[in-house]
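A structural walkthrough
As a plain string of letters, each chain reads:
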Amino acid sequence: IRFGILTVSDGCFLGKAVDKSGPNLRKKVNGIVVKTECVSDDMNKIEEMLFKWSEENNGIDIILTTGGTGIGVRDVTPEATRRVISRETSAISTAITLSSLQVTPMAMLSRAISGIRNRTLIINLPGSVKGAEECLNAVTPCFKHAVELLRDQQNFIEITHKTVQSLGDTSNVSTNNLAGRQRTSPWPMISMDESINIVMNNLLTAEIQTVPLSEALGSAIAEDILANDPLPPFRASIKDGYAVRSLDGPGVYKVLAGYSAGNQCEYVELKLNNCVRVNTGSMMPASADAVVQVEDTELNTCDNEGNELYINIKAAVKSGQDIREVGSDIFKGETVLHKGDLITSPEMGLLATVGVTEVPVYRLPLVAVLSTGNELLDPDQPLREGLIRDSNKTTLLSLLKENGFTGQDMGVSKDEPTELMRKIKKCMVTGDVIITTGSVSMGDKDYLKSVLKKDFKADIHFGRVNMKPGKPTTFATCIFEDQKKKLLFCLPGNPVSATVTFHLYVLPALKTIAGFNNPFPTQITARTESELTLDERPEYKRGMLHWNQKDGYPLVRTTGNQISSRLLSWRQANCLIKLPSSKDAGSILPSNSLVTVLIVGRI
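Residues numbered from 1 in each chain as written. Predicted model: local features only at pLDDT ≥ 70, side-chain atom pairs only at ≥ 80, totals over all residues. Heavy atoms only, no water.

Right, let's get into the packing of helix α5 (residues 90-101) against helix α6 (residues 129-139). Relative to each other, α5 and α6 sit at 125°, their axes nearing to 9 Å. One element, α5, and the other, α6, form an angle in the oblique class. Between α5 and α6 lies a crossing of right-handed hand. Residue-level inspection shows Ile92, Ala95, Ile96, Ser99 and Ser100 of α5 in contact with α6, the latter providing Glu134, Cys135, Ala138 and Val139. In terms of residue class, the contact of α5 with α6 is built from six nonpolar, two polar and one charged. (Axes fitted to C-alpha atoms, helices over the stretch in contact; angles between N-to-C directions. Helix = DSSP H or I, 4+ residues; strand = E, 2+ residues; numbered from the N terminus. Parallel < 35°, antiparallel > 145°, perpendicular 65-115°, else oblique. Left-handed = near helix turned anticlockwise from the far one by under 90°. Contact = heavy atoms within 4.5 Å. Nonpolar A, V, L, I, M, F, W, Y, C, P; charged D, E, K, R; others polar.)

Shown next as structure tokens:
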């Protein structure tokens, strides 16, 4: 989905305020932002921009405006939008209003509208960062199907209609015969190595898309990038000084002219003891073969206006001194970025340097995150007896964001097969990869695996792993109604277990799908600061690294109590300590032992 984001604000346009809402929307949308702009609260300017962006040759699917929707004298975004659209989408506007009224009664003062021009959907959002984001979240679920309809994609339209109609279905999983439930797990216990190999052999195929340079940060390059031009494209001065002929040596020089970076001076002819004043980055005269830095000169003669006429060069001059030759940084045809390279700030600069403004990247998979459990409350709700606040979803969505992926909050499902089935179906409509937490162990309400098998005909590749924490971790795949393969990472419900397994399974899988060359956590060897208790299963303890000046190995210590429900053990952790299994549970690994640690945070 290709978005345009238009900020409407007199203050932002005049530079009296900083536009925060537009950039925030840019981060939050699930798609590519191809246009951004800020205009004043001028009806004609708003109308002009909306009209221009909604022309079919621009290829923008959805335009989001932010600002100018209230009852202030200058709030005219709805009027400008109404001039542009040919059909109004009143239900979208109603959904925004209903969602906003649940947050504040002041939403009654909003006049935002939405509608269609050509094949573009235009939606007015509030001007505040929080309000715009809340309203975006309220209407995001309809975007995919809206674009399918506007593009007249009949195959996808039919699939979506079938999916929506099936949301009223009931699960095939029975909740009867509690006494007859299985008392031992039917899933074989497999090793960590085997489970990781299974995941990596069942991933989605990486998809390539072309995005504007401004949207490429955080993605992986999908093909080698070659330099079409040399850098520098001309002989350039490295320092501020004077371009000279080295054979003339030290002495008095006549200053012919001065040239700053961006000006041409290649064809200035230097004769005996002539020079040209140059700045860093200036083009060199063809007849010059060296630059003398200004610090190695002194003024000899100037005119009445202070212009240099003659200078003394005090130091010896070598041919090639302080000159960047053509192609000395990057030669024409050189590979500056390789397929799979992660685009960070240096890569962005390189792409700009070689003039690549449309960048081939691997598409980031869309991720849906669902918590399960009858005991879960939203974080903003007061605690009640027998209930706890859901932390897993917040943690996982934050981890996704920290690592450059977008996660969609799919809420919480009760431990009931039909609700679970419907929630997972919505996840599959929304995402390529589904992450769930809870409902995978041996409890009488743990229905998830049964729902996946009986309602989705999913292939459950494993349902138990020889590891601690995270033994009931489950990985499944299925072909959904849109005939696309979906990945399901069903993580344990304990907060620590969910976070550990996210780092070990989910994040490497997402990075691989996104084309990253190095998807797994970096592993290093460290010394233990204290004795550690071993378990009969291989264990991943949360740890903190710091550096030891004695032998070069970093030291690692645990973050305290390691029980799987204690999320506090993650607070200062920057690594996972990978401990071997022991036949005798409770045996001790001595202090100062060498162990493998996986880097999962800032060091």
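Quick look at empty space enclosed by the protein now. Under the definition given, this model contains one cavity of 30 Å³ or more. One number sums up the size of the largest cavity: a volume of about 40 Å³. Together, Ser93, Ile96, Thr97, Ala112, Ile113, Ser114, Ile123 and Asn124 line the largest cavity. In terms of residues, the lining of the largest cavity owes the most to one element, α5, which gives three residues. By residue class, the composition of the lining of the largest cavity is four nonpolar, four polar and no charged. (1 Å grid on protein atoms, 1.4 Å probe; cavity = no way out; pocket = protein on both sides within 12 Å on 5 of 7 lines; lining within 4 Å. Points joined across faces, edges and corners; volume = space filled by probe spheres on them.)

As annotated by UniProt and renumbered to match this structure, "domain: MoaB/Mog" (unreviewed entry) occupies residues 4-146 and 368-512. The annotated region residues 4-146 carries 41% helix and 21% strand content, and the separation between its end C-alpha atoms amounts to 15 Å. Helix and strand shares over residues 368-512 are 36% and 26% respectively, and the end C-alpha atoms of the span are 17 Å apart. (UniProt positions renumbered as here; feature names shortened; annotations may be inferred.)

Enumeration over the complete set of coordinates arrives at five aromatic pairs. Seen in terms of ring centroids, Phe475 and Phe489 are 5.0 Å apart; in terms of plane orientation they differ by 40°. Their pairing is tilted. One end of the pair, Phe475, is in strand β25 (residues 474-479); the other, Phe489, is in strand β26 (residues 485-491), and 14 residues separate them in sequence. For the cation-ring pair, Arg117 lies above Phe51, with the distance from its terminal atom to the ring centre recorded as 3.7 Å. (Phe/Tyr/Trp six-rings, centres within 6.5 Å; stacked < 30°, edge-to-face > 60°. Lys NZ or Arg CZ within 6 Å of the ring centre and 35° of its normal.)

How large an interface is tends to be reported as the accessible area lost when its parts come together. Domain boundaries in the protein chain define domain 1 (2-152), domain 2 (192-205 + 365-514), domain 3 (208-231 + 329-362), domain 4 (236-324) and domain 5 (523-599). Of note, the centres of domain 3 and domain 4, computed from C-alpha atoms alone, are 36 Å apart. (Domains from an automatic or database assignment.)

Our focus in this paragraph is the sheet that holds strand β29 (residues 539-547). Pairing within the closed barrel is mixed, and its five strands lie in the order β27-β30-β29-β31-β33. Between one strand axis and the next, the sheet turns through 50° on average, direction left out of account. Its contacts with the sheet place helix α14 (residues 495-513) against β29, β31 (575-579) and β33 (594-599), and it is angled at close to 75° to β29. (Pairing = 2+ DSSP bridges.)

So, on to the environment of Leu397. You can see Leu397 is positioned in helix α11 (residues 392-402). Each C-alpha atom, one on Leu397 and one on Val369, is 7.3 Å from the other, the two residues being 28 residues apart in sequence.

Strand order in the open sheet formed by six strands is β22-β19-β23-β26-β25-β24, with mixed pairing between adjacent strands. Both edges of this open sheet fall to β22 (407-413) and β24 (459-462), since each of them pairs with a single strand only. The average undirected angle you get between the axes of adjacent strands in this sheet is 20°. Where strand β19 (residues 367-372) and strand β23 (residues 433-437) come together, five bridges link them in parallel fashion.

Working note: a packed helix pair is described by the angle between its axes plus the distance between those axes. In contact at an axis separation of 10 Å, helix α9 (residues 192-200) and α14 are set at 30° when each is read in the N-to-C sense. Taken together, the axis directions place α9 and α14 in an arrangement best described as roughly parallel. Read as a crossing pair, α9 and α14 show a hand that is right-handed. Only Leu504, Tyr505, Pro508, Ala509 and Thr512 of α14 make contact with α9, whose side of the interface consists of Met192, Ser195, Ile196, Val199 and Met200. Split into classes, the residues belonging to the contact of α9 with α14 amount to eight nonpolar, two polar and no charged.

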